[in-house]
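A look at the structure
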Amino acid sequence: MALREGIKDGRESLEDAVYSECFSEGCFQTSPRYELMLEREPKSWTVECGLWLWGQLKTHEAVIPAILRTATDARPAKCPSNGQNLTTRRRTGTENIRFTAFVKASMVDPESGPVQPEGGPVRPAVSDPDGLLKRSRELLDLFWEIAKPERETRLQAAEKLVEQLKKSGEADELNYAVKRLVSGLSHTREQARTGYSATLAQVLSVFEEISLQSTLDQIKEKHNLQTANKKQIRNAVFGNFFGVLALSQSSRLHKETQVLLECIKLLQTLSQYRQHLRELPRKTMVDILSETSEEVFEEVLLNALQTDLTCALSSPEQLELLLVAMQKFPSVIKPAKLKKLLGTANIISKHTLPRLVEVLKTAARSVKKESVLPSVALDLLHVSLREDSFELFWKEAVISGLLSDPPGPCHYLVFRLLGVALPLLSVSQLQFVLSGEVMRCYGEHVASAQLPERFKFSPEMGAYVNSFMQSCREPERQLTVILAFTQLTHQGYPAVPSHWKVVEHMEPEALRQYIAWLKEAFCQPQLDKCLEFSTRKQREGQESTVSNETCVFRFRKWIVPRLTSIVENNQIEKDEELVMGIARFIFFHAFFDTKKATAGIPETKCSLSVPLDNTTRGITSSAFYSLLQHLSVLPVLDDSAEAGAGSKRRALGVMADGSMWVHRLVEFADALLKQDAHVQSTRTFTEEHTQAWDSMLQSVEMLMKKVKKSPAPEHTAFQHLFLIVGIQMFMAPEDSVELLKDLRSCMEKAQAKKSKKKKKEADGEQEPHWVEVVVEILLSLLSQPSRLIRTVCKTTFSRICPHLTQPALSAILNVLDPSKDEDESGVVVMDEKEGEKELAEEEDEEDEDDEDKDGEQEGEDEGESDSSDDDADDEAMEEEQEEVDQNFRLELMKVLQGQNALATEEDGSEDEQEMDDEAMMKLDKNLATLFGEQKKKLQAKKDEKGRLRREKMLVRDFKIKVLDLVEVFLIKQGSSVLVLGMVEPLLSVIENGMSSESSQQEMDFLRRAATIFKNQLCRGKQYCREVEGREAELHEMLERLIGRAQKLRDSSVALYYFSAALYVVKVLRGVVKETDASQAAEEKSMGKADVERVTNCFRDALTSFMTRRKSPLTGDMFIDLFNRFPAVCVNLLDTAVENITAGVREHQQSQACAMLLRALQSKDVKQLIPSAQWTELCQKTAQQLIQCLQHVEHKNKAVHERTVKALELCQYLVRTIHTQKVEVNLDPLRDALRSMNADGSLQKAGQLEDTYWSVMKLFGIQKPKVEKVKKVVEEQTEQEAPKKKKKGFLPESKKRKNRKKPQVLEGKEATETAAAAGGGGGGVEGGKKKKKKKKKNKRKRQGDQSEAQSPNKKAKTVEPPQSQKQKQAGGDQASAE
């Protein structure tokens, strides 16, 4: 059976299993007979089947025919057999005799002789004092590992093989290894061929006593190309090639010139089999030449390669062979010799260029799938540079030759040739190459490859340019290449992306010149100097051309993000002057125009040749604020400043001198505003705007002075806010003016808070705190869709967190309050759902007695409620639509009736009056007006819905930004008392989000809120410890949270409420003092918490969980409670023990067992329980377990789970009682456990059975061992029983149908088919049921009915397949009958 199962898995796995099984038994000796069989056919499954059967059965000579017959029956489907013995593919009668003799010989023990028959003496174990069997097995296993697909496995096996051959030092093993490796060179799998070849090369390199000539002879004899048939020629070709490859890699080939010559000739022969090897033989010849000395080449190889060198211009391989020979042996192949071979003294000449082009085209097509540059093309490039004929080669061969083909492999070869040529060319050659037709073709490819599912060469070209920039350290060459690709444009837009990362490796000087060129190109674009390319459709006139202004706009549109990407890329080496120059340039051209050039403002020196339009200014201004956002988080660029700072915290958004980047830009903007004669702002500043700007500058200067005297976070926060809001004046002046006024008022209040505090208390003034106003300003700023504003608000809020007040925090939480969505966003919110939820919750509380029905109908009720809501909305929309349609219908009828165009019952006569032309025109006009108004109404409604949808998205995005402030506060001020007021609002947000719409934005908002609540609040390292005077409030919050958790329907939401309750208990407990652990005082261990009140609260929740079938609480919640608060756990143990049997369902009972087990395992719980109470607890638990484990019936998975949990608790309880010697009587528990296995059903393997016997082992009862021998005997008896049955008779219909081709049926289906055919109507019905694949019991019942209807006819009992002769005899007997 194992053999049959192995054959089903596949031939390779079977062979591996056979070798591993037979060699693991250690019953075979290394003998010439065994090696001969492996050598003759190492992968023959028949030999291995015999070996495997011997290793499994270990029987005597009498079973050899059975072995042969079994192997024959179990052969793969593709292997033919003659039905007599183990003859398979390509096995002759002589080989069968050898195989039989081999199996017989293998059964001979080296010490005791042949194995005796059954009933005789047992075969003794084979002794191996010298380790010969073990070493032989390891050696043979290595050959299998060499053929494994994994590369590391093959390499390790090769090393082990060499080491083992070194240790043994036996010539026989070495010769056998070489034979085995030579045989494996023609393996069908590529990885196996590679492994055998590499291993053979290593063996030949290490053991120099092995002759290369003999090895080559073995290769030729084993893989003979002359005698191989059509099917074997492929493997023979591979065997010869990998053999030569192994010889060449052995590093000994140059020592034996005769073998070297034969290898070259063999490779020349193998080059004819191109369909199998392609150019591998020529490449191997090139590798051999590169390692050959000049003397050997001239004396031995030159004459042999004469034909290939003469025909060098015929194929890429032959040309490459010549080029390598010229490069390796220049003194042998001189110009005179070259002229004799090719007829010309130079490779690159007008005479050879046409043939070279054809060779390059052939090479390009040969590597189409590999997408690599042919080596012959690279060699030709080097030759052209060496012969000083590069321009001739590029013009004639590349541009005129390869580019003349349609876009395809030849073009890609040219692009790759361009990429590899960049490091080899001078500046003048780079300018020549990068300004010609090749670059234009590359641009056309980039433009056409934008379509999906097209090959894109731009990543590969980017890799070439990036490699060039890394290797080249000359700024001039780097700048030439970068400018050439930048000037490759299509309608003014460069072909390379604006964020091209190749500039990361530019030298500082080249980068500075490149940025200066970009600035000049932005102001005065010279598109005539750019290399403009066009697409095929544009050349054919299918697309219209664009104007010069459009090209300039597209060029500037690319330059602006190119400049910003240089600043934002942290991998580019740049200094502060360079960054500030880019920022000033973008800011100036975003908001100012030049009137007159001045030396004080460098940006005015270069005037605009084409004025900037509004679209370009909008792009530039957006780019500036994006750049400003990056500058606000940019680390210090000057390394020396960072090194001098020492251990100080790394500052962001500041320069080396400590000033902010935004402050420098504000100073630059102020200088521009004061230069009215030279520059002009694009936005006109009124007097109010100017006053706000000046006031902002004064406030910033005052804050800077205070920061120098006494650094304070709020001063830095105000300074940052002033600068950001001030720079925003160039985008939105009106809003910025109002914000600046509020900021100044807040700053004044913050400065005067100490001096006026007493006065305000005496006067009873109720002005808002300055922090509250700052929070309002931050919230108003967050409503703007700007990453800069979001980052600044987050940074500012982190600095003012210590001063936050309750009203300020309430303002933040009010934004997140779900009940205020309607007022803030203007979206109509349906309040009926909340009412329905509350009503449903009340019904759940009232109908707990009928929870069985509710449990069955819960899903249906929820579905009906949801569907009813959807139906109500749909009906409302339909009613509105019907109303609109009705109004439109009335208006339409009025128009038609006004023109007498609507037929009525009175006008139903046959004499219909026709309308004249004037009436028809008037009617058409009225109808057009009516339908136009209706279309406008529909479009207005559609626009209104779109507006509401956009507003809702903006509100949700705004709330996500506000969550940033909540997260910052919890991180910075997690120990503040204000955190306690955030618990319930955040829970309200999560609960509302769970029941709202499932849009992606809503899910992101919910996920972020839940993550902040779970990680930053409940699991945060910091928590509130100031609970003095708030104990009653916290206890009330705890009761509200637990009560709300019990009323919910969703367990996921209840988990957050329960976690919040645990957080409140943690706050009440405070810091636990470990010194009080020995006293075991509950009051001290729980701090300010009222233990009795907290216990009652959680006891009610635990009772609700245990007695309600639809409780949202889970057992893991209480297990977490038990782990974190042992004092509460001690008080809840009685409730948990009672519910081991009192739980409403088996699931609750199993959870009670799990809770109690976790509590008993806790050391803290044991310390809090006195010894007498501990004994009583163990006694109660044992009694509950006795009741739980009596009369157990595993009818479903819940009962099985409860039993497992109860057994786990029982195991720990019994072990604890035995270890601690607790006075508890366990005899009733042992009797209850014995009754569980009264019928012997717990003898199998499984979690339940293993746990049960682990418990019984504690009572001294071991699991009985199963007698496997008896079962084997019974199975053999059952298998022999069907053979004694007589063969049945076929019905007449079956005989006629299958007279020529008898049908072999098996099992029950054959019985049913025979009965169905001979049973009349019942049989037909049974056949139809079988065809429809009904259940087995139905088919059996149908078969019984058919037999009852036809008692005179006997159904055929079909046996398992037998030999062919027995089948034929059965068929003849049936025909005779």
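Residues numbered from 1 in each chain as written. Predicted model: local features only at pLDDT ≥ 70, side-chain atom pairs only at ≥ 80, totals over all residues. Heavy atoms only, no water.

As for the packing of aromatic side chains
Just so we agree on the cut-off: For Phe, Tyr and Trp, rings pair up if their centres lie within 6.5 Å, where Trp contributes its six-membered ring, and each pair is then called stacked (planes under 30 degrees apart), edge-to-face (over 60) or tilted (otherwise). In this description a helix means any DSSP run of H or I spanning at least four residues, a strand means any run of E spanning at least two, and both kinds are numbered starting from the N terminus. For the exposure calls, accessible area comes from a 1.4 Å probe over protein chains only, and a residue counts as buried if that area is under 20% of its type's maximum, exposed if over 50%, partly exposed in between. Counting as a charge over the ring demands two things of the Lys NZ or Arg CZ atom: a distance within 6 Å of the ring centre and an angle within 35 degrees of the ring normal.
Evaluated as defined, the whole model comprises 33 aromatic pairs. Arranged with centres 6.3 Å apart and planes meeting at 85°, the rings of Y442 and F485 form a pair that is edge-to-face. Taken as a pair, Y442 in helix α25 (residues 437-448) and F485 in helix α27 (residues 475-486) lie far apart in primary sequence, 43 residues in all. Owing to a relative accessible area of 4%, Y442 belongs among the buried residues under this scheme. Here F485 falls in the buried class, since its relative accessible area comes to 1%. By way of ring pairs, the aromatic residues F587, F588, F591, F592, F624, Y625, F668, F685, W693 and F730 are connected into one cluster. The cationic tip of R193 hangs over the ring face of F238; the distance from NZ or CZ to the ring centre is 4.0 Å. Directly above the ring of F1005 sits R956, whose terminal nitrogen or CZ lies 4.8 Å from the centroid.

A word on the nonpolar core
Short version of the rule: For the purposes of this section, nonpolar cores are sets of buried Ala, Val, Leu, Ile, Met, Phe, Trp, Tyr and Cys residues that join through side-chain atoms within 4.5 Å. Should any heavy atoms of two residues lie within 4.5 Å, those residues are counted as being in contact.
If you look at the biggest cluster of nonpolar residues, it comprises 357 residues, and the most contacted ones within it are I347, F797, F1098 and L1233. Here the element with the most residues in this core is helix α49 (residues 1051-1069); it accounts for 13 residues. Not counting the four nearest positions on each side in its chain, F1098 is found in contact with L1038, I1042, F1058, L1062, V1065, F1118, L1121, V1128 and L1132. One finds F888, V895, L927 and L930 within the second-largest nonpolar core, a separate group that totals 6 residues.

Brief notes about the packing of helix α54 (residues 1146-1161) against helix α57 (residues 1197-1220)
As a reminder, the rule being used: The axes are straight lines fitted to the C-alpha atoms, using for helices just the contacting stretch, and the angles between their N-to-C directions are given from 0 to 180°. What sets the label is the angle itself: under 35 degrees gives roughly parallel, over 145 gives roughly antiparallel, 65 to 115 gives roughly perpendicular, and the rest give oblique. Note: crossing handedness is left-handed where the near helix turns anticlockwise from the far helix by less than a right angle, and right-handed where it turns clockwise.
Axis separation between α54 and α57 bottoms out at 8 Å; the angle between their running directions is 20°. On the basis of their axis angle, the class for α54 and α57 is roughly parallel. Our pair here, α54 against α57, has a crossing hand that is left-handed. Contacts between α54 and α57 pair E1146, H1147, Q1149, S1150, Q1151, C1153, A1154, L1156, L1157, L1160 and Q1161 from the former with A1198, V1199, E1201, R1202, K1205, A1206, E1208, L1209 and Y1212 from the latter.

Some words on the sheet that holds strand β3 (residues 488-490)
Threshold: A strand pair is defined by DSSP finding two or more bridges across the two strands.
Read across the sheet, 3 strands follow the order β4-β3-β5 without closing on themselves; strand pairing throughout is mixed. In this open sheet, the two strands that pair with only one neighbour each are β4 (493-494) and β5 (531-532). The pairing of β3 with β5 spans 2 bridges and is classified as parallel. Within β5, the residue paired with T489 across the bridge is E532.

Let's talk about the confidence of the model for the protein chain
What counts, and what does not: The quantity known as pLDDT measures the predictor's confidence residue by residue, on a range of 0 to 100.
Averaged over all residues, the pLDDT of the protein chain equals 75, while 72% of them reach at least 70. When pLDDT is averaged over each helix and strand of the protein chain, the minimum, 38, is found for helix α1 (residues 2-9) and the maximum, 95, for α27. Counted against residues more than four places away or in other chains, residues 640-648, with its pLDDT under 50, gives 5 contacts. Counting interchain partners and residues more than four positions distant, the pLDDT-below-50 stretch residues 822-883 has 33 contacts.

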